[in-house]
Amino acid sequence: MILVMDIGNTNIKTAVYDGKDLVKSWRVSTNTSYTSDEYGILMNGMFRQASLSMDGLAGIMISSVVPSINFTIEHMCHDYFNLEPHFVGPGLKTGINILYENPKELGTDRICNAVAAYAQYGSPCIFIDFGTATSFGAISGRGNFLGGCILTGVRLARDAVVGGTSKLPYFELNLPERVIGRSTVANLQSGLLYGYVGQVNYLVSRIKEEMDAPNASVVATGGFAGQIAKQTDAIEHVDSLLTLKGVRMIYERNFMT
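Residues numbered from 1 in each chain as written. Predicted model: local features only at pLDDT ≥ 70, side-chain atom pairs only at ≥ 80, totals over all residues. Heavy atoms only, no water.

Caption draft 1: Examining the packing of aromatic side chains more closely. Taken as a whole, this structure holds six aromatic pairs when the rule is applied. Consider the rings of Phe 47 and Phe 81, whose centres lie 5.4 Å apart with planes at 65°: the pair is edge-to-face. With Phe 47 in helix H1 (residues 36-49) and Phe 81 in helix H2 (residues 67-81), the pair connects residues that are 34 residues apart, well separated along the chain. For the residue pair Phe 47 and Phe 81, the accessibility class agrees, reading buried in each case. Sitting over the ring of Tyr 17, Arg 248 keeps its end group 5.1 Å from the ring centre. (Phe/Tyr/Trp six-rings, centres within 6.5 Å; stacked < 30°, edge-to-face > 60°. Helix = DSSP H or I, 4+ residues; strand = E, 2+ residues; numbered from the N terminus. Buried < 20%, exposed > 50% of the residue type's maximum accessible area, 1.4 Å probe, protein only. Lys NZ or Arg CZ within 6 Å of the ring centre and 35° of its normal.)

Caption draft 2: Structural detail: the sheet that holds strand E3 (residues 21-29). A sheet is described by the order of its strands in space; here five strands give the open sequence E3-E2-E1-E4-E5, paired in mixed fashion. Either end of the sheet is taken by a strand with one partner, and the two such strands are E3 and strand E5 (86-87). The pairing of strand E1 (residues 2-7) with strand E2 (residues 11-18) spans six bridges and is classified as antiparallel. Its bridge partner being in E2, Ile 7 is matched across the sheet by Ile 12. Contacts from H2 reach E1, E2, strand E4 (59-64) and E5, with the element oriented near 170° to E4. (Pairing = 2+ DSSP bridges. Contact = heavy atoms within 4.5 Å. Axes fitted to C-alpha atoms, helices over the stretch in contact; angles between N-to-C directions.)

Caption draft 3: The arrangement of the layout of surface pockets in detail. Taken as a whole, the largest pocket holds about 550 Å³ of empty space. Taken together, 29 residues line the largest pocket, and the ones lying closest to its centre are Asn 9, Asp 109, Gly 131, Thr 132 and Ala 133. Sorting elements by how many residues they give to the lining of the largest pocket places helix H4 (residues 154-163) first, with four residues. Its residues placed into classes, the lining of the largest pocket shows ten nonpolar, ten polar and nine charged. (1 Å grid on protein atoms, 1.4 Å probe; cavity = no way out; pocket = protein on both sides within 12 Å on 5 of 7 lines; lining within 4 Å. Points joined across faces, edges and corners; volume = space filled by probe spheres on them. Nonpolar A, V, L, I, M, F, W, Y, C, P; charged D, E, K, R; others polar.)

Caption draft 4: Helix H3 (residues 108-121), seen in detail. When the terminal C-alpha atoms of H3 are compared, their 19 Å separation across 14 residues agrees well with the 20 Å that a helix rising 1.5 Å per residue should span. When you tally the buried positions in H3, you get ten out of 14 residues, the bulk of the element. Turning to H3, its buried residues number three or more, namely Thr 108, Asp 109, Arg 110, Ile 111, Cys 112, Asn 113, Ala 114, Val 115, Ala 116 and Ala 117. Gly 122, located one to two residues past H3, shows a positive phi value of around 75°. (Expected span 1.5 Å × (residues − 1).)

Caption draft 5: Inspection of the sheet that holds strand E11 (residues 237-238) at higher detail. Strand order in the open sheet formed by six strands is E6-E9-E8-E7-E10-E11, and the pairing between neighbours is mixed. Only two strands of the sheet have a single neighbouring strand rather than two, namely strand E6 (97-98) and E11. Pairing between strand E7 (residues 125-130) and strand E10 (residues 217-222): six bridges, direction parallel. Residue pairing for E10: Ile 126 is matched across the bridge by Val 218. Strand contacts of helix H5 (residues 184-211): E7, strand E8 (133-139), strand E9 (144-152) and E10, with the helix running at about 150° to E7, the strand carrying the most contacts.

Caption draft 6: Representation of unusual backbone geometry within the structure. Cis rather than trans, the peptide bond between Ser 123 and Pro 124 has omega equal to 0°. Secondary-structure assignment places Pro 124 in the loop between H3 and E7. Located in the positive-phi region is Ser 51, a residue other than glycine, with phi close to 60°. The backbone of Asp 212 sits at a positive phi, close to 55°, despite the residue not being glycine. Tracing the chain through its elements places Asp 212 in the loop between H5 and E10. On the basis of relative accessible area, Asp 212 is assigned to the exposed category, the value being 67%.

Caption draft 7: Inspection of the environment of Glu 172 at higher detail. With respect to the secondary-structure elements, Glu 172 resides in the loop between H4 and H5. The sequence separation of Glu 172 and Val 66 amounts to 106 residues, and the corresponding C-alpha distance is 27 Å. Not counting chain neighbours up to four residues away, the residues in contact with Glu 172 comprise Arg 158 and Gln 189.

Caption draft 8: Molecular detail of the nonpolar core. Within the largest apolar cluster, 31 residues are counted, with the highest numbers of intra-cluster contacts made by Ile 128, Phe 130, Phe 136, Val 200, Val 204, Ile 228 and Ile 235. Among the elements of the structure, E7, E8, H4, H5, E10 and helix H6 (225-229) are those that each provide at least two residues to this core. Once residues within four sequence positions are removed from consideration, Ile 128 is found in contact with Thr 134, Ser 135, Phe 136, Val 200, Val 204, Val 218, Val 219, Ala 220, Thr 221 and Ile 235. Residues Val 4, Val 115, Cys 125 and Val 219 belong to the second largest nonpolar core, which totals 26 residues. (Core = buried A, V, L, I, M, F, W, Y, C linked by side-chain atoms within 4.5 Å.)

Encoded structure:
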C-alpha cells in the first residue's frame, strides 16, 4: 500500500491505495502553522479510524503547491511513517509531454491532473480543477499537455466581493433556483455561481476550438465540481480523486518495478 497526498492552499487531500484500488481517502485543512507532530497526530487518528497501520506502507508520494509546508510534512513522514517521501517535481516520468514554455512554473497538481485525465479519459481531453484557484488544462490527441488557463476560485471570488465592499453581506455558496434574485444574498449567489457556469461554458468551448478538438472529453475535480457540473453539459465527468490518482500514477511510473 502507498500513501499519496495533494497539498493545496486550502486543503490537504490524502489517500491510501493498494495497487490501483482506493483503500481510504481523507481531507484536512491546510495549516502552515501546524508542526510535524500535529500533522502526525492527525494522520494517526485517521489511520486508526480506518483500521489501518501506519507501519504498513511501501511508499509516500506528495504533490504540493505550498512550498512552506513541505519541510513539515517531510518530517512528519519520517517520524510517523518511517519513510522518505517523494515529491512530484522535475525529472520524474509522467507519461505525458509538457509543452509549457517553462515547465518549472507548472503547478504539480496540474501535472497530476493531466496525467490522470489522459490515462483515464483518453485524449484529447480537458480537465477543470475547482480549487482555491480554478484551473483548466488541455491535453492534445497525442498526449501533450498544451497549457490552459487559471481564474479566481469560487470561494476567493466570494471573499473578494464581500471584503471589497462596504454593504454587501457574507453569503453561503448555495445555488439559487433562479438567476433573477429578489434579495441581495440571492443576487450575489446567482451572479457568482451562475456566472461560473457561464465561464466554464465559454472557456471549454474556446479551448476546444483552439485545440481543434470539438469532441474532447471534459473532466472536473475539486470542491465545486459537482455543483457546477449539474448546471452545464460542458462537463462530462466529475472525479473527486483525479489529482490523487495522478499522484499515484507518477509514483508507479518512477518507484515501482
